[in-house]
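If you want the building blocks of each chain, they are given just below.
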Amino acid sequence: MATYTPLKDKTGKITAHRFQIRKRGYKEKTKQFTTKGKGERWAKKTESEMDAGIYESTKNAGRWTLGAVMAEYLDKIHPIKPFCRSKKNALLRLIEHPMASVSIVDLTTHHFYEFAKYRSENGAGPKTVADDIGYMSKALTYGRAILKIPNATKPLDEVRPVLNDYGLTGSSNKRKRRLVPGEFEALMSVPHKYSGGGDKKRSVDKYNTRLKMKYIIPLALETTMRESEITRMKIEDVNFEKGELMIWARKHPTKKETNDQLIPLTEEARKVLREYLALGIHTKGKPLFWPVGAKNMSDMFHTMAKLAGINKEGSSVRSNFNNLTFHDLRHEAITRLFAEGFKAEEVMLFSGHTDMKSLLIYVNLTPADVLRAKEIRRVIMEQRLDEISLAL
């Protein structure tokens, strides 16, 4: 039981009520109250939590700010289980946000609502805001579990459903952009030398970037590869005889350094690579398409799409949702594999996906694709029946 002591002034008038709790396994707790009732309620609640083994002092929480918790999470967990670049950069940005200076004890649901509202009003989409909220949630969960900060996640847990209701957070819009008839041909017909104009520097393509794109585009459509994966490709990663390609440290939601994958190389993909190597414009000892980088590849594709009349002149990739992006080729490639009759587990060998939910984001089948796949299966079945008949 808590010890109660009334505190009196010189005249004998009670001015405060002191309650003291001594319990084995816990530090002595002493607190003063203006009324005896408040003290009794505090003592009863505290002793009850101690008996249940769930009591945690908020004293530890007072010395931690949101930014300090995120910094500690980044410092301790990232070396053990490396974060993806976007998560690491987002945490570094969030640590500098004004809200990061608020003590964990003082954080409220309103802080997170105002943060989400501010991000939304300044151009961040629902998925981007949701990612930021998710990163803070991970850090606060670390704070609660490892730093022993009680109720660290409570305000954020309470406000997350409301943020979604307001439309401040949500999933990303599924892109349905695919190549339409004639677009591939238009891209491939764009001159691979710059037109010159008045700028002599732009009249010479020193690294044959646009010429390389003529091989990169069909390769992407045959392999489902991302820009970053294509830019890292080396000759030794390709096995022409077996029809295999090794992709090192492929993008993965959890594995960041050990996700090396061997993917199939179709005959068409091998043909593209052989023709490219025959040009002799690759640099030995470096990636096949060096020095083309992922961003350079994406920007060049957008430029070519504008020259081909596919993307709107004067627009950026983000400003017009109807614009064709290099990443749309991955959507196109995955959808084509399904249309050609490949099973989901076979498509995953190409794309690197590990679950159906993430894979289906990239699938934009049309009725024509389904009918085409049915026709392909019919032809294959007839060929097998003919083979069986001949064998008999």
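See the structure printed just above.
Cut-off values and rules
Residues numbered from 1 in each chain as written. Predicted model: local features only at pLDDT ≥ 70, side-chain atom pairs only at ≥ 80, totals over all residues. Heavy atoms only, no water. Core = buried A, V, L, I, M, F, W, Y, C linked by side-chain atoms within 4.5 Å. Buried < 20%, exposed > 50% of the residue type's maximum accessible area, 1.4 Å probe, protein only. Helix = DSSP H or I, 4+ residues; strand = E, 2+ residues; numbered from the N terminus. Contact = heavy atoms within 4.5 Å. Pairing = 2+ DSSP bridges. Axes fitted to C-alpha atoms, helices over the stretch in contact; angles between N-to-C directions. Phe/Tyr/Trp six-rings, centres within 6.5 Å; stacked < 30°, edge-to-face > 60°. Lys NZ or Arg CZ within 6 Å of the ring centre and 35° of its normal. Parallel < 35°, antiparallel > 145°, perpendicular 65-115°, else oblique. Nonpolar A, V, L, I, M, F, W, Y, C, P; charged D, E, K, R; others polar. Salt bridge = Lys/Arg side-chain N within 4 Å of Asp/Glu carboxyl O. Expected span 1.5 Å × (residues − 1).

J.: A description of the nonpolar core should follow, citing residues and the corresponding values.
T.: Membership of the largest hydrophobic core comes to 36 residues, with the highest contact counts inside it found for Leu187, Met213 and Phe326. The set of elements that each furnish at least two residues to this core consists of α7 (183-188), α8 (209-223), β5 (244-247), α10 (267-279) and α11 (294-307). At 8 residues, the largest contribution of residues to this core is made by α8. Excluding anything up to four places from it in sequence, Met213 contacts Pro218, Met297, Met300, Phe301, Met304 and Phe326.

J.: Which residues make up the sheet that holds strand β6 (residues 261-264), and what are the values?
T.: Taken in spatial order, the 3 strands make up an open sheet running β4-β5-β6, and their pairing is antiparallel. Taken across any chain shown, the strands that pair with only one partner, and hence form the sheet edges, are β4 (238-239) and β6. Here β4 pairs with β5 via 2 bridges, running antiparallel. Each bridged residue has a counterpart across the sheet, and for Asn239 the counterpart in β5 is Glu244.

J.: Please provide a residue-by-residue account of the sheet that holds strand β2 (residues 14-21), values included.
T.: If you walk across this open sheet you meet the 3 strands as β1-β2-β3, and the pairing is antiparallel. Each edge of the open sheet carries a strand with a single partner, namely β1 (3-8) and β3 (29-33). When the angles between neighbouring strand axes are averaged without regard to direction, this sheet yields 20°. The pairing of β1 with β2 spans 6 bridges and is antiparallel. Opposite Lys8, over in β2, you have Ile14 as the bridge partner. Of the strands in this sheet, β1, β2 and β3 touch helix α1 (residues 36-52), which is tilted by about 10° from β2.

J.: I'd like a description of the packing of aromatic side chains, backed by residues and values.
T.: The description of an aromatic ring pair uses the distance of the two centres, along with the angle that the planes make with each other. Within this structure, the stated rule accounts for 11 aromatic pairs. Summarising the aromatic geometry, the rings of Phe33 and Trp42 are spaced 5.6 Å apart at their centres and angled 45° between planes, so their arrangement reads as tilted. A single burial state applies to Phe33 and to Trp42, both of which are buried. Centre to centre, the rings of Tyr113 and Tyr166 are 5.5 Å apart; their planes meet at 55°, and the pair counts as tilted. Residue Tyr113 is found in helix α4 (residues 109-121), and its partner Tyr166 is found in the loop between α6 (154-165) and α7; the two are separated by 53 residues along the sequence. Here Tyr166 falls in the exposed class, since its relative accessible area comes to 56%. What links up through ring pairs into an aromatic cluster is the set Tyr4, Phe19, Phe33 and Trp42. One Lys or Arg, Lys286, reaches over the ring of Trp290 and ends 4.8 Å from the middle of that ring. Above the ring of Tyr362, the side-chain terminus of Arg330 is found at 4.9 Å from the ring centroid.

J.: Got a sec to walk through the packing of helix α2 (residues 66-77) against helix α5 (residues 126-145)? Specific residues and values, please.
T.: Axis separation between α2 and α5 bottoms out at 9 Å; the angle between their running directions is 85°. In terms of their interaxial angle, α2 and α5 are classed as roughly perpendicular. Residues Leu66, Val69, Met70, Glu72, Tyr73, Lys76 and Ile77 of α2 lie in contact with α5, whose contacting residues are Met136, Lys138, Ala139, Leu140, Tyr142 and Gly143. Residues belonging to the contact of α2 with α5 are distributed by class as follows: 9 nonpolar, 1 polar and 3 charged.

J.: How would you sum up the pattern of salt bridges? Please name residues and give values.
T.: Taken as a whole and assessed by the stated rule, the structure comprises 16 salt bridges. With its nearest N and O atoms 3.1 Å apart, the salt bridge here joins Arg22 to Glu28. Residue class for Glu28 comes out partly exposed when judged on its relative accessible area of 45%. Where Arg226 meets Glu229, a salt bridge forms, and the shortest distance between an N and an O atom there is 2.6 Å. By sharing partners, the salt bridges in this structure join Glu72, Asp75 and Lys76 into a single network.

J.: Can you break down the side chain of Asp132 residue by residue, with the values?
T.: As for its placement among the helices and strands, Asp132 is situated in helix α5. Relative accessible area serves as the criterion here: at 1%, Asp132 is assigned to the buried category. Not counting the four nearest positions on each side in its chain, Asp132 is found in contact with Ala90, Arg93, Leu94, Phe115 and Arg119.

J.: Lay out α2 in plain terms, naming residues and giving numbers.
T.: The end-to-end C-alpha distance of α2, which contains 12 residues, comes to 16 Å, matching closely the 16 Å that a straight helix rising 1.5 Å per residue would cover. Inspection of α2 places Leu66, Gly67, Val69, Met70, Glu72, Tyr73 and Leu74 among the buried residues, and these make up the whole buried set.

J.: Could you give an account of unusual backbone geometry, with specific residues and numbers?
T.: Residue Pro291 follows Trp290 across a cis peptide bond; omega there is 5°. Inspection of the secondary structure assignment puts Pro291 in the loop between α10 and α11. Positive phi, normally seen in glycine, also occurs at Ala249, with a value near 50°. Relative to the helices and strands, Ala249 resides in the loop between β5 and β6. Overall, Ala249 belongs to the partly exposed group, its relative accessible area being 34%.

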